[in-house]
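Now for the letters of each chain:
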Amino acid sequence: MIHKITEYISEEALDKRIREVAAQISKDYAKKEIRLICILKGSVFYTCELAKRITVPITLDFMSVSSYGSGTESSGTITINKDLDESIEGRDVIIVEDIIDSGNTLSKLIPMLQVRKPASLKVTTLLDKPERREVDDVNVDYVGFEIEDKFVVGYGLDYDQSYRDLPYIGIVEL
């Protein structure tokens, strides 16, 4: 099924903001090494672009964590489909998310990772929908864009696995 998609955040705006976030992370982690944990699948685009622009040493690992299925609303429960390949004990870790809305996924994921004893654990997200928050215990350290409550796709975000490849963030008209 093909949907009407309206551009919401341009490719140029995404690039500019990702450069700014990477510069802040590089400053905050001067003389350290960071482990970026990319939350699959949606965060791949953001993780890659962010990693290319961070100026301190980084390593990457990946987790697949799901709370959506094929719908547009979070189910409220998470499923870990792929866990980390390497230990994060003693490492400075940044979880890389594509979008945070309800906060349910991170409210469950963060304590699970804290048990693994990282030196530090922070979160970056390309998009943040704070008005949709259902939990209060999710702190987002680096935000690309704060957006209104719209269903968005592109730049890794999908609607039932479609539209991830758009080079911009678009609003889906369902």
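Here, the structure is the one placed above.
One structure accompanies this document, and this report is about it.

Reading the values: rules and limits
Residues numbered from 1 in each chain as written. Predicted model: local features only at pLDDT ≥ 70, side-chain atom pairs only at ≥ 80, totals over all residues. Heavy atoms only, no water. Helix = DSSP H or I, 4+ residues; strand = E, 2+ residues; numbered from the N terminus. Buried < 20%, exposed > 50% of the residue type's maximum accessible area, 1.4 Å probe, protein only. Phe/Tyr/Trp six-rings, centres within 6.5 Å; stacked < 30°, edge-to-face > 60°. Pairing = 2+ DSSP bridges. Right-handed = clockwise from strand over helix to strand, strands pointing away. Contact = heavy atoms within 4.5 Å. Core = buried A, V, L, I, M, F, W, Y, C linked by side-chain atoms within 4.5 Å. Polar contact = N/O pair within 3.5 Å; in protein donor to acceptor, adjacent residues only side chain to side chain. Axes fitted to C-alpha atoms, helices over the stretch in contact; angles between N-to-C directions.

1. As for the side chain of Lys129
Turning to its location among the elements, Lys129 is positioned in the loop between β6 (120-128) and β7 (142-146). The exposure class of Lys129 is buried, given its relative accessible area of 5%.

2. A closer look at the packing of aromatic side chains
Each pair of aromatic rings is reported with the distance of its centres and the angle of its planes. With the rule as written, the count across this model stands at 2 aromatic pairs. Geometrically, the ring pair formed by Phe45 and Tyr155 is tilted, given 5.8 Å between the ring centres and 50° between the ring planes. Remark: Tyr155 occurs in the loop between β8 (152-153) and β9 (169-173) and Phe45 occurs in helix α2 (residues 44-53); sequence separation between them is 110 residues. According to the relative accessible area criterion, Tyr155 is buried, its value standing at 9%. Seen from their ring centres, Phe151 and Tyr159 are 5.6 Å apart, and the 80° between their planes marks the pair as edge-to-face.

3. Some details on the pairing of strand β5 (residues 92-100)
Of all 9 residues making up β5, 9 are buried, and the element is well covered by its neighbours. Bridge count for strand β2 (residues 34-40) against β5 is 5 bridges, and the pairing is parallel. The residue of β5 that forms the bridge with Cys38 is Val96. Strand direction decides the pairing type here: β5 and β6, joined by 8 bridges, are parallel. Of the residues in β6, the one forming a bridge with Asp92 is Ser120. Read as a crossover between parallel neighbours, the route from β5 over helix α3 (residues 104-114) to β6 is right-handed.

4. Description of the environment of Val56
Within the element layout of this structure, Val56 appears in the loop between α2 and β3 (58-66). Residues Val56 and Lys27, 29 residues apart in the sequence, show an inter-C-alpha distance of 8.6 Å. If we skip the residues at most four places from it in the chain, Val56 touches Ser26, Tyr29, Ala30, Lys31, Lys32 and Ile34.

5. Examining the nonpolar core
Ranked by size, the top nonpolar core spans 27 residues in total, and within it Ile25, Leu127 and Ile169 carry the most contacts. Listing elements by their share of this core, those giving two or more residues are α1 (11-28), β2, α2, β5, β6, β7 and β9. By residue number, the principal contributor to this core is α1, which donates 5 residues.

6. A word on unusual backbone geometry
Cis geometry marks the peptide bond from Leu40 to Lys41, where omega comes out at -5°. Unusually for a residue other than glycine, Lys117 sits at a positive phi of about 60°. Note on placement: Lys117 falls in the loop between α3 and β6. Phi at Gln161 is positive, roughly 75°, even though this residue is not glycine.

7. Focus: the side chain of Ser43
Assignment of secondary structure puts Ser43 in the loop between β2 and α2. Here the side chain of Ser43 touches Ile39 through a polar contact of 3.1 Å, landing on its backbone oxygen. Excluding residues within four positions of it along the chain, Ser43 makes contact with Cys38, Val96, Glu97 and Asp98.

8. Remarks on the sheet that holds β3
The 6 strands lie next to each other as β4-β3-β2-β5-β6-β7, forming an open sheet whose pairing is mixed. The sheet terminates laterally at β4 (79-82) and β7, the two strands that pair on one side only. The average undirected angle you get between the axes of adjacent strands in this sheet is 30°. Sheet contacts for α1: β2, β5, β6 and β7; angle to β7, the most-contacted strand, approximately 160°.

Fair warning: the whole summary comes from geometry, so function is off the table for now.
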